[in-house]
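Analysis of the macromolecular model
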Amino acid sequence: MPELPAVSRRLLLGGALATGVAAAGVGAAQAAPATAAAAAGGGDAPLPVHTSPRRRGQRSAVSGQRSAVSGQRSMIDVPFDVHGTVRVGLIGLGNRGSGTAEGWAAVPGCRVTAVCDIRADRATSVANRLVARGKPRPAEYGGSADAYARMLKRDDIDLVYIATPWEFHHRQGKAALEAGKHAIVELPVATELDELWDLVDTSERTRRHLMLSENCSYGRNELAMLKMAHDGLFGDVTNGHGGYLHDLRELLFSDTYYTDSWRRLWHTRSTASFYPMHGLAPVASAMDINRGDRMTVLRATATEPKGLADYRERFIDRSHPSWKETYVNGDLVTCLIDTAMGRVIRAEHDVSSPRPYSRINSLAGSRGIFEDYAGTSATGGRIYVEPDHGGHSWRDFDSYRKEFDHWLWKKIGDDAENNGVHGGMDYILQWRTVQAMRAGLVPDIDVYDSAAWCAPVPPSVKSLAAGGRPVAYPDFTRGSWVNLRMGLDSRESDMPPVA
């Protein structure tokens, strides 16, 4: 049975506003922010983006009825079929993919049945590690670019996890759906707008879920922030900041960390916000994006590309192949995103500058503000909310995180910290995904969330090329964003017992 939404202050406080948007009509709600964007942007109307109408089934010449099989239907609130055991196939076994294998295998009721990498020795290495942990040996695929396609022909895979370089995500994610598997794809699920639409269309057509592997959305602070927002602690939420600020210079120039230097080479190809999802997704969830609000307009700015060239000059030998490269992507790319409800999100990306790691993870409203990666407490967060606080002084986040701790962290936090990296949020994501599939629940993150969270990539290219002009933001839900529904703010439930 799918989960039933709990009544929260989010529904009480936001219901009237959301109903008003729906009553006004989707077209009016989508058009309103364009006026504000034009005023803010010196009169420039947002540049248009590609949209994709939902394909309807072919009408039969005999019966006159449309075929539901050949058409598309929304995947919103569609639960998984119940799986006694979730059988997972892994594609891409570099640093990220290989590092998650044991986490998948540790989740109750989950089995890794196949592993694949173009370098066959990686598949063997991961299989050996799983066996060493007492797990069944998965089938191994590798040695060619089409090895993943051969793996997808197996009938003992329910979920495909994809952790290859970005340029392969769309192709492999679509192939998994068309092979009848559900797919969970590392960031971003695609880098082009037509590819994002294609994944939405393919998910709707195949009736299989595609989810962004957005582990940061399951971070302890991020989920507590979401609960505080939905319980009305910040009053009316007005703005949020998120991003990916991570000094990757040493790893980008490593000859072994990113296979064939794939990630560094993206900085030679385009000026774009490549990877803001880790910070954008938690803020979007707290704002009920695709669940009562939506992102409507994006503007992008970028600093000059100085960081990678400077690092190369100081630390990289002249014989290194990187000296043949020219870096064009700005060090700091900032996107300002408007929403239909009049909120503003700032999403940032910077992997080329010397700085401590941060996903920013901040949310503010009429009654207070939370800022992550800023406090002196063990949580790393700080908070200021009325009427609890005053005197213009920040307070530690500790007591608030305890009060608003998400049920997933209360239930399996210890297991998460023992079975995964990134502080346990990887395992939380894996456990919750498997639980949803085994219990027949609606996924917390659907294809519409996945596409929306990854969508800053192509509009940022367009905005930067046009000198920062606003660009319209695609609505992958095709109007269904006006409806409040559950997401990461799920109701507590148990993992079904393992037979």
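Residues numbered from 1 in each chain as written. Predicted model: local features only at pLDDT ≥ 70, side-chain atom pairs only at ≥ 80, totals over all residues. Heavy atoms only, no water.

1. What to know about the pattern of salt bridges
Between side chains of opposite charge, a pair can form when the charged atoms approach closely. Keep this limit in mind: A carboxyl oxygen of Asp or Glu within 4 Å of a side-chain nitrogen of Lys or Arg is what we treat as a salt bridge. In this text, helices come from DSSP runs of H or I with a minimum length of four residues, and strands from runs of E with a minimum of two, each type numbered from the N-terminal end. Only protein chains enter the calculation, and the probe is 1.4 Å; a residue is then buried if its accessible area is under 20% of its type maximum, exposed if over 50%, and partly exposed in between.
Evaluated as defined, the whole model comprises 31 salt bridges. Note that Asp-158 is salt-bridged to Arg-87, the shortest N-O span being 2.9 Å. With Asp-158 in the loop between helix 5 (147–151) and strand 4 (159–162) and Arg-87 in strand 1 (residues 86–91), this residue pair connects regions lying 71 residues apart in the sequence. Here Asp-158 falls in the buried class, since its relative accessible area comes to 10%. Where Arg-291 meets Asp-446, a salt bridge forms, and the shortest distance between an N and an O atom there is 4.0 Å. Here Arg-291, found in the loop between helix 11 (277–286) and strand 8 (295–302), pairs with Asp-446, found in the loop between helix 15 (425–439) and helix 16 (447–454); they are 155 residues apart in sequence, far enough to count as distant. By relative accessible area, Arg-291 is classed as buried at 6%. The exposure class assigned to Asp-446 is buried, which follows from its relative accessible area of 3%.

2. Observations concerning the confidence of the model for the chain
This is how the line gets drawn: What pLDDT conveys is the predictor's confidence in a given residue, as a value from 0 to 100. It only takes one pair of heavy atoms within 4.5 Å for two residues to be counted as in contact.
Mean pLDDT over the chain: 90, with 88% of residues reaching 70 or higher. This stretch, residues 1–42, has a pLDDT under 50; its non-local contacts, to residues over four places away or in other chains, come to 69 contacts. In this model residues 58–69 is a low-confidence stretch, pLDDT under 50, and it forms 13 contacts with partners more than four residues away in sequence or in other chains.

3. A closer look at the side chain of His-349
Structurally, His-349 can be placed in strand 10 (residues 344–350). Residues within four places of His-349 in sequence aside, it is in contact with Tyr-244, Leu-245, Ser-273, Phe-274, Tyr-275, Asp-331, Leu-332 and Val-333.

4. Focus on helix 14 (residues 407–419)
We count it as follows: To estimate the expected span of a helix, subtract one from its residue number and multiply by 1.5 Å. Bend is the name given here to the angle between axes fitted to two runs of seven residues, the run ending at a residue and the run starting at it.
The end-to-end C-alpha distance of helix 14 is 18 Å, a good match for the 18 Å that 13 residues give at a rise of 1.5 Å each. A maximum bend of about 70° is found in helix 14 at Gly-413. Residues of helix 14 that are buried include every one of Trp-407, Leu-408, Trp-409, Ile-412, Gly-413 and Ala-416, and no others. As for helix 14, its buried residues are in contact with helix 8 (220–230) and helix 15.

5. Topic: the environment of Ala-149
Within the fold, Ala-149 resides in helix 5. Here the alpha-carbon distance between Ala-149 and Gln-172, two residues 23 residues apart in the chain, equals 8.2 Å.

6. A closer look at the nonpolar core
Note the cut-off: Throughout, nonpolar core names a set of buried Ala, Val, Leu, Ile, Met, Phe, Trp, Tyr and Cys residues whose side chains join them through atoms within 4.5 Å.
Counting residues in each nonpolar core, the largest one holds 127 residues, and the members touching the most others are Leu-90, Trp-104, Leu-196, Phe-234, Leu-363 and Phe-476. Ranked by the residues each element gives to this core, the list is headed by helix 15, at 8 residues.

7. Side note on the sheet that holds strand 8
The following threshold applies: When DSSP finds at least two bridges between two strands, those strands are taken to pair. Structural elements are reduced to axes, namely lines fitted to C-alpha atoms, with helices fitted over the stretch in contact, and the angle between N-to-C directions of any two is expressed from 0 to 180 degrees.
Spatially, 14-13-12-11-7-10-9-8-15 is the arrangement adopted by the 9 strands of the open sheet, whose pairing is mixed. Each edge of the sheet is formed by a strand with only one pairing partner; in this case those strands are strand 14 (395–396) and strand 15 (471–472). Judged from the 7 bridges that link them, strand 8 and strand 9 (residues 333–339) form a sheet pairing that is antiparallel. Across the sheet, the residue bridging to Ala-302 is Val-333, located in strand 9. Lying over the sheet, helix 17 (residues 457–465) contacts strand 8, strand 9 and strand 15, oriented at roughly 55° with respect to strand 8.

8. Examining the environment of Ser-74
Along the chain, the position of Ser-74 falls in the loop between helix 2 (26–40) and strand 1. Expressed as a C-alpha distance, the spacing of Ser-74 and Arg-207, which sit 133 residues apart in the sequence, is 8.8 Å. Excluding residues that lie within four positions of it along the chain, Ser-74 makes contacts with Arg-54, Glu-204, Arg-207 and Tyr-448.

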